[in-house]
Amino acid sequence: MPERGLLVSAPGKVILHGEHAVVHGKAALAVALGLRTFLRLRPGAGERLRVHLPGVGVLSGWDVAELRALRGRLTADFDESKPPSVEQLDMLKEFAGIAADASAPDSLAVLAFLYMCLAISAKYGDVPSVDIAVWSELPTGAGLGSSAAYAVCLAAALLHACGAISCPLKDGEATARWTEEEMTLINSWAFQGERVIHGNPSGVDNAVGTWGGALRYQSGKITSLKRVPTLRILLTNTKVPRSTKVLVAGVKEKILKFPAIMNPVLDSIDAISQECQSVLEAMPTNPSPEYYPVLEELFDINQHHLNVIGVGHPSLDRLCRVTASHGLHSKLTGAGGGGCGITLLPPDAAPLAVEAAKRDLCACGFECWETDIGAPGVTVHSSSSLNAEVLHALSES
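What counts, and where the lines are drawn
- Residues numbered from 1 in each chain as written.
- Predicted model: local features only at pLDDT ≥ 70, side-chain atom pairs only at ≥ 80, totals over all residues.
- Heavy atoms only, no water.
- Helix = DSSP H or I, 4+ residues; strand = E, 2+ residues; numbered from the N terminus.
- Rg over C-alpha atoms; globule rule 2.2 N^0.38 Å.
- Contact = heavy atoms within 4.5 Å.
- Areas by Shrake-Rupley, 256 points an atom, 1.4 Å probe, with all protein chains shown as cover.
- Lys, Arg positive; Asp, Glu negative; His and termini not counted.
- Charge placed at Lys NZ, Arg CZ, Asp CG, Glu CD.
- Phe/Tyr/Trp six-rings, centres within 6.5 Å; stacked < 30°, edge-to-face > 60°.
- Buried < 20%, exposed > 50% of the residue type's maximum accessible area, 1.4 Å probe, protein only.
- Axes fitted to C-alpha atoms, helices over the stretch in contact; angles between N-to-C directions.
- Parallel < 35°, antiparallel > 145°, perpendicular 65-115°, else oblique.
- Left-handed = near helix turned anticlockwise from the far one by under 90°.
- Salt bridge = Lys/Arg side-chain N within 4 Å of Asp/Glu carboxyl O.
- pLDDT = per-residue confidence, 0-100.
- Expected span 1.5 Å × (residues − 1).
- Arc of directions from axis to C-beta.

A few points about the overall build of the protein chain
Okay, step 1: Along the backbone of the protein chain there are twelve helices and 13 strands.
Okay, step 2: Over its C-alpha atoms the protein chain spans a radius of gyration of 21 Å, differing by no more than 12% from the 21 Å that the globule rule assigns to 397 residues.
Okay, step 3: For the protein chain, the share of sequence-separated contacts (at least 6 apart) that also reach a separation of at least 24 residues comes to 76%.
Okay, step 4: Approximately 16,500 Å² of the protein chain is accessible, and the part contributed by carbon and sulfur atoms is 54%.
Okay, step 5: The centroid of the 33 positive side-chain charges in the protein chain is displaced by 3 Å from the centroid of its 41 negative side-chain charges.

See the structure below:
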């Protein structure tokens, strides 16, 4: 049990290239986003475990003794290599008063929290008496990996609370990262949290949250890119809701209907991912403007391809037109059909042009963040390294 608190953060993610093509065996590039989820762990008062998630309106607490008894009743093995069983999740829902068919973010967040807490403590120690607060800069349900960032932070905090991993932060340091071995453990338990929330996730989002930087995903295999520069972007949420399932099914239908037309488009998207990976790995840490035209051209070509395979949307066309009028290049990221888009900001982009683009995007009713990609993965912080907004949000419990 930690004597003192712990402050942890993990990044969200965006798909740079390869969305939809990845479903058909092609490569996708996922990159860590500068927007993060933050967790504060403190020793609990009395024998209680409390969780506070202000973003989704959760403030819950349980007696440690009750949780121990519940853990004893969940007879099946807890193991990070096996998905949570339906029986385990049903018992947890009943215990927490969550409806059997609940799908709201608050219910799923509490369910993942309880499962991870009981599973990790079953393997590494006792149910910890701690207070955990989590706050995020990431919007939920926007395809930006918010649930994975939550699961990564939880896995790190609970593994630490149960004594399975140490705190890497030394006195006087602002931030620190865990060892490769410890991160592998964090990632495997974060994947379990993702399984509770999503059923059958790919594992990409939690891997990005754990390791940061950029990853390549192809046919179930995840590999880190050797070295990735941090690139500035505008991230825009069109706020147009969409169903990933429906969009994926639509693409499949088009491929079956026009295989000779659509398969070359998927091959071309795959080639864009390969080309982008080569460019990123050749770029220095602080790239100068001449590296950007190729990346911008790849954005433009891929956006056209995504429209061709049927996952565009008038809101995304508008986003691309608005940013193009300020000399900037954009593409959708994720499932498409609305959702989010990313805009590359080269180092020589005029600050006034960027501000004007943001203003015009907000005037469309979109939400816009200036952030970066290629951010570090799961990180421990000293309180002095976090800004006042984050500290305030985490202390409101």
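Further notes follow.
Regarding the packing of aromatic side chains
Okay, step 1: All told, the structure shown has two aromatic pairs when counted by the stated rule.
Okay, step 2: Relative to tryptophan 135, the ring of phenylalanine 38 has its centre 6.4 Å away and its plane inclined at 25°; by these criteria the two rings are stacked. You can see phenylalanine 38 sitting in strand β2 (residues 28-43) and its partner tryptophan 135 sitting in strand β5 (residues 130-136), a full 97 residues away along the chain. For the pair phenylalanine 38 and tryptophan 135, a shared accessibility class is recorded, and that class is buried.
Okay, step 3: Ring geometry for tryptophan 62 versus phenylalanine 113: centroids 6.0 Å apart, planes at 25°, classification stacked. Of the two residues, tryptophan 62 is situated in strand β4 (residues 58-63) and phenylalanine 113 in helix α3 (residues 105-124); the sequence distance between them amounts to 51 residues.

With respect to the packing of α3 against helix α4 (residues 146-161)
Okay, step 1: Packing of α3 against α4 brings their axes to within 10 Å, and their N-to-C directions diverge by 30°. Regarding the angle of α3 to α4, the classification is roughly parallel. Viewed along their axes, α3 and α4 form a crossing whose handedness is right-handed. Residues Ala109, Val110, Ala112, Phe113, Met116, Cys117, Ile120 and Tyr124 of α3 lie in contact with α4, whose contacting residues are Tyr150, Ala151, Leu154, Ala155, Leu158 and Leu159.

Considerations on the pattern of salt bridges
Okay, step 1: Across all of its chains, the model carries eleven salt bridges by this definition.
Okay, step 2: A salt bridge links aspartate 205 to lysine 13, with the shortest nitrogen-to-oxygen separation between them at 3.3 Å. You can see aspartate 205 sitting in helix α6 (residues 204-211) and its partner lysine 13 sitting in strand β1 (residues 6-17), a full 192 residues away along the chain. Both residues of the pair, aspartate 205 and lysine 13, belong to the buried class.
Okay, step 3: Between aspartate 267 and lysine 26 there is a salt bridge, with its nearest N and O atoms 2.7 Å apart.

Section: unusual backbone geometry
Okay, step 1: A positive phi is found at histidine 20, a non-glycine position, where the angle reads about 70°.
Okay, step 2: Among the structural elements, histidine 20 can be located in the loop between β1 and β2.
Okay, step 3: Here serine 219, not a glycine, exhibits a phi torsion of approximately 45°, which is positive.
Okay, step 4: Mapped onto the secondary structure, serine 219 falls in the loop between β7 (214-218) and β8 (221-224).

A word on the environment of glycine 143
Okay, step 1: Locating glycine 143 in the fold gives a position in the loop between β5 and α4.
Okay, step 2: With a relative accessible area of 38%, glycine 143 lands in the partly exposed category.
Okay, step 3: In sequence terms glycine 143 and aspartate 205 are 62 residues apart; their C-alpha atoms lie 9.7 Å from each other.
Okay, step 4: Filtering out sequence-adjacent residues up to four positions away, glycine 143 remains in contact with Lys13 and Arg242.

Structural notes on the confidence of the model for the protein chain
Okay, step 1: Of all residues in the protein chain, 98% have pLDDT values of 70 or greater, and the mean over the chain is 93.
Okay, step 2: Between the elements of the protein chain, mean pLDDT differs from a low of 88, seen in helix α12 (residues 388-395), to a high of 98, seen in helix α10 (residues 314-324).

A word on helix α7 (residues 244-257)
Okay, step 1: The end-to-end C-alpha separation of α7 is 20 Å, in line with the 20 Å expected for 14 residues at 1.5 Å each.
Okay, step 2: Those residues of α7 that fall on the buried side of the exposure criterion are Leu247, Val251 and Ile255. Buried residues of α7 fall within an arc of 80° about the axis and therefore sit on the same side. Facing away from the buried side of α7 by more than 90 degrees, the exposed set consists of Lys245, Val246, Glu253, Leu256 and Lys257.

Brief notes about helix α5 (residues 180-198)
Okay, step 1: For α5, built from 19 residues, the straight-helix expectation of 27 Å at 1.5 Å per residue is met to within 8% by its first-to-last C-alpha distance of 26 Å.
Okay, step 2: Immediately downstream of α5, the backbone of glycine 199 shows phi near 85°, a positive value.

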